[in-house]
Amino acid sequence: MKKIQMVDLKSQYEKIKDTVNISIQEVLDTNTYINGPQVHQFQKSLEEYLDVKHVIPCANGTDALQIAMMGLDLKPGDEVITADFTFAATVEVIALLQLTPVLVDVDLFNMNISIEGIKKAITPKTKAIVPVHLFGRAANMEAIMAIAKEYNLYVIEDNAQAIGANCKFSDGTKKKAGTIGHVGATSFFPSKNLGCYGDGGAIFTNDDALAHKLRGIVNHGMYERYHHDVVGVNSRLDSVQAAVLNAKLPLLDEYSKARQDAARKYSTAFEGHKNIIAPSICDICDCHVFHQYTLRIIDADRNGLMQHLLDKGIPCAIYYPIPLHSQKAYADSRYKEEDFPVTNQLVTEVLSLPMHTELDDEQIKFITDSVLEFLK
């Protein structure tokens with residue numbers, strides 16, 4: 001059996017190395033390392049894949065979130081609602097822009113932001129909602145957009161973990177996660193479902209005026225060299241990373257299917273176990289692209305199971321061990337522990353197993369057998 005990796009980028013690369021190497025060599029041959037043809041090609045291809053009018057590449061996913069908020073002209077003190085159970089980058093950029101983060105609890109079933117929590121958190125100072133499509137599962141964007149419309153709020157989608165996932169609406173239509181709100185942001189960190197070989201990110205929008213402003217912000221506020229029309233930053237996707245992404249983007253749906261197939265095999269093995277709540281996945285699942293495969297371990301020793309797996313050479317991780325409302329940087333007297341019952345429960349239960357495009361049946365069986373051995 002191959003050594004089990006949490007994310008097996010080496011095996012993935014071996015399958016696409018000729019395409020990747022040729023693409024990178026084109027950058028080296030043309031010496032166009034910044035804003036070269038590979039970047040423009042990737043931008044156009046991603047716009048077509050997502051069916052969105054504008055993709056603005058940038059340096060990383062955190063920048064993408066920050067620049068998206070800068071483009072909306074939010075003011076210091078404006079309140080921005082987001083989920084308590086997620087990676088810190090989401091709330092980090094809110095604080096960096098001197099906006100006021102408002103953390104709310106998540107839904108126990110899908111671990112995405114609670115719709116009722118959003119409604120309760122809205123005040124006259126609320127200006128935006130940042131739903132996170134956590135672990136690859138699309139949030140309830142239909143409900144979120146309805147709330148935003150009712151209260152005249154911006155929606156900024158954090159799509160760092162769910163590129164390729166579909167959001168289905170009650171009328172039967174589907175849209176890609178990240179393209180439904182006023183603006184969306186994603187990351188191309190190497191371990192992401194669509195990852196480059198360094199840092200990278202992008203912003204999505206269907207708003208022409210907003211897209212124009214964002215293109216200026218990512219380039220020091222310039223549309224014409226040395227003419228700074230808006231306050232900007234230096235955040236560009238370099239051509240080498242775009243070359244890697246050009247090689248991978250045509251395979252994204254195939255990669256998503258491989259992750260969904262692996263998830264289905266995991267969940268089948270765990271079905272009915274009294275100590276395991278596994279992610280749900282249907283036969284035609286396209287709302288969840290399984291950036292992570294995350295179990296909830298109930299009435300059992302989650303930490304003991306984690307150590308058991310590590311001792312057997314199986315990587316695993318707890319995403320996330322500490323709620324944002326309990327982090328020193330984001331603690332606030334406004335928050336009460338009783339406001340976050342689900343998040344406080346999840347941090348004691350969640351355990352993520354290896355999830356990537358290269359998992360094989362032998363590895364999956366060894367992993368599931370090892371989990372069940374501990375929880376027998």
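Residues numbered from 1 in each chain as written. Predicted model: local features only at pLDDT ≥ 70, side-chain atom pairs only at ≥ 80, totals over all residues. Heavy atoms only, no water.

The name an unreviewed UniProt entry gives the chain is dTDP-4-amino-4,6-dideoxygalactose transaminase, with Flavobacterium sinopsychrotolerans as the organism. Recorded in UniProt under Sequence similarities (unreviewed entry), the annotation for the chain is "Belongs to the DegT/DnrJ/EryC1 family." (UniProt positions renumbered as here; feature names shortened; annotations may be inferred.)

A word on the nonpolar core. The nonpolar side chains of soluble globular proteins are, as a tendency, buried together. Counting 62 residues, the largest nonpolar core has Phe 85, Ile 118, Ile 144, Tyr 266, Tyr 293 and Leu 353 as the members making the most contacts within it. Inspection of this core shows a minimum of three residues originating in each of domain 1 (9-249) and domain 2 (251-375). Filtering out sequence-adjacent residues up to four positions away, Ile 118 remains in contact with Ile 81, Val 104, Ile 113, Ile 129, Ile 144 and Ile 147. Within the second largest apolar cluster, 25 residues are counted, among which are Cys 58, Leu 72, Val 93 and Leu 99. (Core = buried A, V, L, I, M, F, W, Y, C linked by side-chain atoms within 4.5 Å. Buried < 20%, exposed > 50% of the residue type's maximum accessible area, 1.4 Å probe, protein only. Domains from an automatic or database assignment. Contact = heavy atoms within 4.5 Å.)

The subject of this paragraph is the layout of surface pockets. In this structure, the largest pocket spans a volume of roughly 500 Å³. Elements that contribute at least two residues to the lining of the largest pocket include exactly helix 3 (61-71), helix 4 (89-96) and strand 8 (183-187). Both of domain 1 (9-249) and domain 2 (251-375) provide at least three residues apiece to the lining of the largest pocket. (1 Å grid on protein atoms, 1.4 Å probe; cavity = no way out; pocket = protein on both sides within 12 Å on 5 of 7 lines; lining within 4 Å. Points joined across faces, edges and corners; volume = space filled by probe spheres on them. Helix = DSSP H or I, 4+ residues; strand = E, 2+ residues; numbered from the N terminus.)

Taken in spatial order, the 3 strands line up as 12-13-14 in an open sheet, and their pairing is antiparallel. The open sheet terminates on both sides in strands that have one partner only, identified here as strand 12 (276-277) and strand 14 (350-353). The pairing of strand 13 (residues 293-297) with strand 14 spans 4 bridges and is antiparallel. Residue Thr 294 lies in a different strand from strand 14, and its bridge partner there is Ser 352. Along the sheet, helix 9 (residues 252-270) makes contact with strand 12, strand 13 and strand 14, crossing strand 13 at roughly 20 degrees. Helix-sheet contacts for helix 11 (residues 341-349) involve strand 13 and strand 14, and the interaxial angle to strand 13 is about 100 degrees. (Pairing = 2+ DSSP bridges. Axes fitted to C-alpha atoms, helices over the stretch in contact; angles between N-to-C directions.)

Our focus in this paragraph is the environment of Cys 316. Note on placement: Cys 316 falls in the loop between helix 10 (302-311) and helix 11. With relative accessibility at 9%, the residue Cys 316 sits in the buried group. Between the alpha carbons of Cys 316 and Pro 101 there is a distance of 30 Å; along the sequence they are 215 residues apart. Beyond its immediate sequence surroundings of up to four residues, Cys 316 is in contact with Met 6, Met 306, Leu 309, Leu 310, Leu 351 and Ser 352.

Another point: the pattern of salt bridges. Side chains that carry opposite charge are capable of pairing whenever their charged atoms lie near each other. All chains considered together, the criterion is met by 16 salt bridges. Between Lys 312 and Glu 373 there is a salt bridge whose closest N-O contact spans 3.5 Å. Here Glu 373 lies in helix 12 (residues 361-374) and Lys 312 lies in the loop between helix 10 and helix 11, a separation of 61 residues in the sequence. Bridged by salt links that share partners, the residues Lys 257, Asp 261 and Arg 264 form one connected network. (Salt bridge = Lys/Arg side-chain N within 4 Å of Asp/Glu carboxyl O.)

Attention now moves to the packing of helix 1 (residues 9-30) against helix 8 (residues 239-248). Two numbers describe how helix 1 lies on helix 8: the axes approach to 8 Å, and their chain directions differ by 125 degrees. Here helix 1 is positioned oblique relative to helix 8, judged by the angle of their axes. As helix 1 runs across helix 8, the sense of the crossing is right-handed. Here Leu 9, Gln 12, Ile 16, Thr 19, Val 20, Ser 23, Ile 24 and Val 27 of helix 1 come into contact with helix 8, specifically with Ser 239, Val 240, Ala 243, Val 244, Asn 246, Ala 247 and Lys 248. Residue composition of the contact of helix 1 with helix 8, grouped by class: 9 nonpolar, 5 polar and 1 charged. (Parallel < 35°, antiparallel > 145°, perpendicular 65-115°, else oblique. Left-handed = near helix turned anticlockwise from the far one by under 90°. Nonpolar A, V, L, I, M, F, W, Y, C, P; charged D, E, K, R; others polar.)

Let's shift gears to helix 11. Buried residues of helix 11: Val 342, Thr 343, Leu 346, Val 347 and Glu 349, and no others. Across the axial projection of helix 11, the buried residues extend over an arc of 165 degrees, all falling on one side. Each element contacted by the buried residues of helix 11 is listed here: strand 13, helix 10 and strand 14. (Arc of directions from axis to C-beta.)

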